[in-house]
Amino acid sequence: MDGTTIEPGGGQGLPPHAGPGAGGEDAFADLRETVDAYYSRRLARFGPTPLGVDWSCVPTQEMRFVQLLKLCDLSTSKKLVLNDLGCGYGALLAYLGWRHPDIALDYLGVDLSAAMIAQAKRLWRGQPAIAFATGGDCPRVADYSFASGIFNVALDAPRDRWEAYVASVLDNLRATSRIGFAVNFVAARPASAEAKPGLYSTSPERWTTYCETELQARVALVTGYGMREFTLLVTV
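These remarks concern the structure in this document. (Residues numbered from 1 in each chain as written. Predicted model: local features only at pLDDT ≥ 70, side-chain atom pairs only at ≥ 80, totals over all residues. Heavy atoms only, no water.)

### Brief notes about the environment of Y165
Part 1: Assignment of secondary structure puts Y165 in helix α5 (residues 159–175).
Part 2: We classify Y165 as buried; its relative accessible area is 5%.
Part 3: Apart from residues no more than four positions distant in its own chain, Y165 is found in contact with F28, L31, R32 and L112. (Helix = DSSP H or I, 4+ residues; strand = E, 2+ residues; numbered from the N terminus. Buried < 20%, exposed > 50% of the residue type's maximum accessible area, 1.4 Å probe, protein only. Contact = heavy atoms within 4.5 Å.)

Structure, rendered in structure tokens:
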């Protein structure tokens, strides 16, 4: 497979109204374009490495994968049907191949950056049941969806508009995940600490409440894994 097919075998078609881009104008097109440009520049500078997707190193990048995968029971699973939103160059695939080599994958990686997707297609060409697509929403239903780090880089976006964008992405993840989805956020600093410009940080309660009330989902909060952030495991 060369990565041009966006619906490997186990996925299902997109349900109606699954995201802001489904059947109408994208209200957040400007935000997506800004984020696309940011990550495309990172890739051009650092290549397909953790720095290229704005992570500091492989160990912390993979520690985030460990938390996201807590959503899935990999001890009994024979196959993982997965959407990877904000997939970058496909680092999650490398981790799964190393850590869980016996699990068959039906994988779709999606990223705003066309440069990232081109790199991912080159790295994973010829791999069965692995596909990539450029975009900001999952275009198919999978058992699980992951999104790692995609909410962190708000750049110059006003906080209320960025949070509206985050909510729209969570809506899409809810609509395109048959069992559940997992996402991570940077945890807010104490009130006395200076915030890093352009970085979105938040409390767990802000998005736990949203997922429970607006998305009618169950949420498990994961903290304490050595970084100033948290992961939400959301089952639907």
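### Considerations on unusual backbone geometry
Part 1: With a phi close to 75°, D54 is a non-glycine residue in the positive phi region.
Part 2: By the element assignment, D54 lies in the loop between α1 (29–46) and α2 (58–68).
Part 3: Notably, Q216 is not glycine yet its phi reads approximately 55°, a positive angle.
Part 4: Structurally, the position occupied by Q216 is in the loop between α6 (204–213) and β8 (218–222).

### Here we look at the pattern of salt bridges
Part 1: Taken as a whole, this structure holds 9 salt bridges when the rule is applied.
Part 2: Between R64 and E229 there is a salt bridge, and its shortest N-O distance comes to 3.0 Å. Taken together, the positions of R64 in helix α2 and E229 in strand β9 (residues 229–235) put the pair 165 residues apart, joining distant regions of the chain.
Part 3: Exposure remark for R64: the relative accessible area of 8% places this residue in the buried category.
Part 4: One salt bridge in this structure joins R206 and E163, with 3.3 Å as the shortest N-O distance. Of this pair, R206 sits in helix α6 while E163 is found in helix α5, placing the two residues 43 residues apart along the sequence.
Part 5: When its relative accessible area of 32% is taken as the criterion, R206 is described as partly exposed.
Part 6: Under the relative-accessibility criterion, E163 is labelled buried at 13%. (Salt bridge = Lys/Arg side-chain N within 4 Å of Asp/Glu carboxyl O.)

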